[in-house]
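# Results of the structural survey
Chain by chain, the residues run as shown.
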Amino acid sequence: MIKQIILSFFIFTSFVFASSEVNVYSHRHYDTDKQLYKMFEEKMGIKVNVVNADANALIKRLESEGEKSPADVLITVDAGRLYQAKSKELIQSIESKYLMEVVPENMRDEDNKWFALTKRVRAFIVPIDSNIEIKTYEDLIKPEYKKMIMVRSSNHVYNQSMLAAVIAHHGEEYALKWAQGVVKNMARKPRGNDRYQVKAVANGIGKIAIANTYYVGKMIGNKDIAESEAVKKVKIIFPKFENGGTHINVSGAGVAKYAPNKENAIKFIEFLLSPEAQDLFANGNFEYPVAKGVKKNDVVSSWGTFEEDNISINTMGKYNINAVKIFDKAGWK
Ligand SMILES: [Fe+2]
């Protein structure tokens, strides 16, 4: 009898515990996200447990954990890794009327295995007083931009997705020529993150940085004076592809295949696409919101408008391996 009571108590508590938490594997590394977890916990009474790591590491972890994985949600900072998680069958289709309603068709997987949370734009950052009139990504390899370009390492997904877009537009042969041309025009070997490149523009080390625009927003008024001062000395140019638009990527989320708390996982992703969460992504992290009807941040709007590139988001995943190989061949460190 006592044994039975203990057993049923155990089953009951484990049920209550399991139904009131969500385990998130996330590559997003921004303060806004911590705020969002708190908001979700307070609103829903569901505890958010987070494992933060690079998406490659998270995908490997999901693979090795298999059916025993505690993960409910996978969040990445680029489309390529969402594609990979889907190809490896690490995420599952979900049903959500709300998500279907608010997430535009090109911002979600065709089998509903992932949904974009935010859009990000990879643009050029130049000195505020410069008269550089570079208009396209293809222009980066023109001789007139010799010793001007600064960009992070090719190990990073942001660059891999950008090169995947070059492949999508022009094929692999041109992509190699392009990558070699960019390397030739670099002001220095790739190092540091996107903010590091923005600071280097302000400090006159090079004249064109390739970076995601939300970092410019995050540097404005930053406690780190080196950042807040540097950002006053730069401006953004939204380049386009010759036959397309400006390169965009997405940060997105999917429900893990073996999610122990699937319902909570769906609630969590729905919350991240709610107007209040989308507002915070837009105003706290200067990203472009995905959910229909949510406005951009005012500072972001002041940077100007652009036409989004026309290649499908999945392309970045499809050509990722090709892009990595081309970077190696081109000597882009
Ligand atoms: Fe980032």
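Within each chain, residue numbers correspond to sequence positions counted from 1 in written order. In keeping with the model being predicted, local features are shown solely for residues with a pLDDT of at least 70 and side-chain atom pairs are shown and tallied solely at 80 or more, while totals for entire chains, interfaces and linings include all residues. Only hydrogens and water are removed before side-chain values are computed, so all heavy atoms of the structure are retained for them.

In the annotation of an unreviewed UniProt entry, the chain is listed under the name Fe(3+) ABC transporter substrate-binding protein and assigned to Arcobacter arenosus. UniProt positions are given in the numbering used here, feature names are shortened, and annotations may be inferred rather than shown by experiment. We quote the UniProt Sequence similarities (unreviewed entry) comment for the chain here in full: "Belongs to the bacterial solute-binding protein 1 family."

The next subject is empty space enclosed by the protein. Each cavity reported here is a set of points on a 1 Å grid over the protein atoms alone in which a 1.4 Å probe fits but cannot get out, each pocket an open set with protein on both sides within 12 Å along at least five of seven lines, and each lining residue one with an atom within 4 Å of a point. Grid points are joined across faces, edges and corners, and a volume is the space filled by probe spheres set on the points. The full count for this structure, using the stated rule, is 2 cavities of 30 Å³ or more. Estimates place the volume of the largest cavity at around 50 Å³. Lining the largest cavity, in full, are R120, V121, R122, Y158, N212, H247, I248 and N249. The helix count covers DSSP runs of H or I at least four residues long, the strand count covers runs of E at least two residues long, and both are numbered beginning at the N terminus. Where the lining of the largest cavity is concerned, the elements lending two or more residues are β5 (115–127) and β9 (248–256).

Note that E21 resides in strand β1 (residues 21–26). To sort residues, take the accessible area from a 1.4 Å probe on protein chains only and compare it with the maximum for the residue type: under 20% means buried, over 50% means exposed, and anything in between is partly exposed. Note that His is not counted, nor are the chain ends; the positive residues are Lys and Arg, and the negative ones are Asp and Glu. One side-chain nitrogen of Lys or Arg within 4 Å of one carboxyl oxygen of Asp or Glu is enough to make a salt bridge. This buried residue, E21, is left without a salt bridge; K47 holds the nearest opposite charge, at 7.0 Å. Only 2.8 Å separates the side chain of E21 from the side chain of N49, close enough to count as a polar contact. By definition in these notes, contact holds between two residues if any of their heavy atoms fall within 4.5 Å. When near neighbours in sequence (up to four residues on either side) are disregarded, E21 contacts I46, K47, N49, D72, N261 and N264. Here a polar contact is taken to be a pair of N or O atoms separated by no more than 3.5 Å, where protein atoms must pair a possible hydrogen donor with a possible acceptor and residues adjacent in sequence count only if both atoms sit in side chains.

The space that makes up the largest pocket amounts to roughly 220 Å³. In this structure, the largest pocket is lined by E105, N106, R108, D109, E110, N112, W114, S312, I313 and N314. Classifying every residue of the lining of the largest pocket by side-chain character gives 2 nonpolar, 4 polar and 4 charged. Counting contributing residues, the lining of the largest pocket receives three or more from each of domain 1 (22–119 + 249–297) and domain 2 (120–247 + 305–330). Taken as a whole, the second largest pocket encloses approximately 160 Å³ of empty space. Forming the walls of the second largest pocket are D31, T32, R195, K218, N222, G284 and N285. When the residues that make up the lining of the second largest pocket are grouped by side-chain class, the tally is no nonpolar, 4 polar and 3 charged. Think of it as three bins: nonpolar holds Ala, Val, Leu, Ile, Met, Phe, Trp, Tyr, Cys and Pro, charged holds Asp, Glu, Lys and Arg, and polar takes everything else, Gly as well. Residue ranges labeled as domains rest on an automatic or database domain assignment.

Feature annotation in UniProt places "binding site: Fe cation" (unreviewed entry) on H29, Y214 and Y215, given in this structure's numbering. For the residues just named, distributed over 187 residues, the greatest C-alpha separation is only 12.9 Å, placing them together at one site. Examined against the element boundaries, Y214 turns out to sit in helix α9 (residues 213–219). Setting aside chain neighbours within four positions, we find Y214 in contact with Y30, R120, Y158, N285, F286 and E287. Among the polar contacts listed, one links the side chain of Y214 to the side chain of Y30, at a separation of 3.0 Å. In contact with Y215, other than residues within four places in its own chain, are H29, Y30, Y158, D194 and R195.

Let us look at the domain arrangement of the chain. Per the domain assignment, the segments making up the chain are domain 1 (22–119 + 249–297) and domain 2 (120–247 + 305–330). Relative placement of domain 1 and domain 2: their C-alpha centres are 26 Å apart. Between domain 1 and domain 2, the residue contacts involve 22 residues of the former and 22 residues of the latter. Its largest share of buried area at the contact with domain 2, domain 1 owes to Y83, N249 and Y288, together 30% of the area lost on that side. The interface formed by domain 1 and domain 2 includes 2 salt bridges. For R120, the salt bridge goes to E287, with nearest N and O atoms at 2.9 Å. Where domain 1 meets domain 2, there are 11 residue pairs in polar contact (both at pLDDT 80 or more). Going through the elements one at a time, α4 (79–87), β5 and β9 are the ones with two or more residues in the side of domain 1 that touches domain 2. Buried area is understood as the total, over both parts, of accessible area removed when two parts are fitted together, assessed with a 1.4 Å probe.

Here we take up the pairing of β5. With respect to burial, β5 is a largely interior element, 13 of its 13 residues being buried. Strand pairing is defined by DSSP finding a minimum of two bridges between the two strands. Pairing of β5 with β9 involves 6 bridges; the strand directions are antiparallel. Paired with A116 across the bridge in β9 is G252. Pairing of β5 with strand β8 (residues 234–237), which is carried by 4 bridges, proceeds in the antiparallel orientation. When the bridges of β8 are listed, P127 appears paired with V234.

Once that is clear, we can look at the pattern of salt bridges. Per the stated rule, a full pass over the model turns up 18 salt bridges. The salt bridge partner of E133 is K135, with a shortest N-O separation of 4.0 Å. We note that E133, like K135, is exposed. Here K142 ties to D139 by a salt bridge, and the two come within 3.1 Å at their closest N and O atoms. Overall, the relative accessible area of 10% leaves D139 in the buried class. One network of salt bridges, with partners in common, ties together R28, D33, R120 and E287.

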